[in-house]
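# Secondary and tertiary structure notes
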Amino acid sequence: MYLKKIEISGFKSFPEKVKIEFHKGITSVVGPNGSGKSNISDAIRWALGEQKIKSLRGEKSEDIIFSGTENRRPLSFAQVSLT
């Protein structure tokens, strides 16, 4: 299986739609602590059918949907698409 791209919207720390394309060769995701790197792998696991919320580093199902910030209201859904 070849993962071409992932589109994330409303999942954990991604309130807006984000598209990450994976090209041939090695792809890495880098960034400072707290930037959402682990949330990308959680999104892939969720899209592939993971149902144990604790495996996705949450306590309840609402934890995987963007819960809002001081300046943004919470969302009511999350969507992850794999190509």
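Residues numbered from 1 in each chain as written. Predicted model: local features only at pLDDT ≥ 70, side-chain atom pairs only at ≥ 80, totals over all residues. Heavy atoms only, no water.

## Focus: the overall build of the protein
In terms of regular secondary structure, the protein is built from 1 helix and 3 strands. Walking the protein from its N terminus toward its C terminus, one meets helices and strands in the order β-β-α-β. For 83 residues, the compact-globule estimate of 2.2 N^0.38 gives 12 Å, and the C-alpha radius of gyration of the protein, at 13 Å, lies within 12% of that figure. Expressed along its principal axes, the backbone C-alpha trace of the protein runs to roughly 40 × 30 × 20 Å. When contacts within the protein are restricted to residue pairs at least 6 apart in sequence, those whose partners lie at least 24 apart make up 52%. When the accessible area of the protein is evaluated, it comes to approximately 6,100 Å², of which 51% is carbon and sulfur surface. Across the protein, the centroid of the 14 positively charged side chains sits 6 Å from that of the 9 negatively charged ones. (Helix = DSSP H or I, 4+ residues; strand = E, 2+ residues; numbered from the N terminus. Rg over C-alpha atoms; globule rule 2.2 N^0.38 Å. Contact = heavy atoms within 4.5 Å. Areas by Shrake-Rupley, 256 points an atom, 1.4 Å probe, with all protein chains shown as cover. Lys, Arg positive; Asp, Glu negative; His and termini not counted. Charge placed at Lys NZ, Arg CZ, Asp CG, Glu CD.)

## Some points on the nonpolar core
In terms of nonpolar packing, the biggest core is built from 12 residues, these being Ile-6, Ile-8, Phe-11, Phe-14, Ile-20, Phe-22, Ile-40, Ala-43, Leu-56, Ile-64, Ala-78 and Val-80. Going through the elements one at a time, strand E1 (5-9) and helix H1 (37-47) are the ones with two or more residues in this core. When residues no more than four places from it in sequence are discounted, the contact partners of Ile-40 are Ile-6, Ile-8, Phe-14, Ile-20 and Val-29. (Core = buried A, V, L, I, M, F, W, Y, C linked by side-chain atoms within 4.5 Å. Buried < 20%, exposed > 50% of the residue type's maximum accessible area, 1.4 Å probe, protein only.)

## Some points on the sheet that holds strand E2 (residues 18-21)
With respect to topology, 3 strands assemble into an open sheet ordered E2-E1-E3, the strand pairing being antiparallel. Each having just a single partner strand, E2 and strand E3 (79-82) make up the two edges of the open sheet. Averaged over all adjacent pairs, the angle separating strand axes in this sheet is 10°, with direction ignored. Here 4 bridges tie E1 to E3, and the two strands are oriented antiparallel to one another. Opposite Ile-8, over in E3, you have Val-80 as the bridge partner. Those strands touched by H1 are E1, E2 and E3, and its axis lies near 80° from that of E3. (Pairing = 2+ DSSP bridges. Axes fitted to C-alpha atoms, helices over the stretch in contact; angles between N-to-C directions.)

Read these as geometric descriptors, not functional statements.
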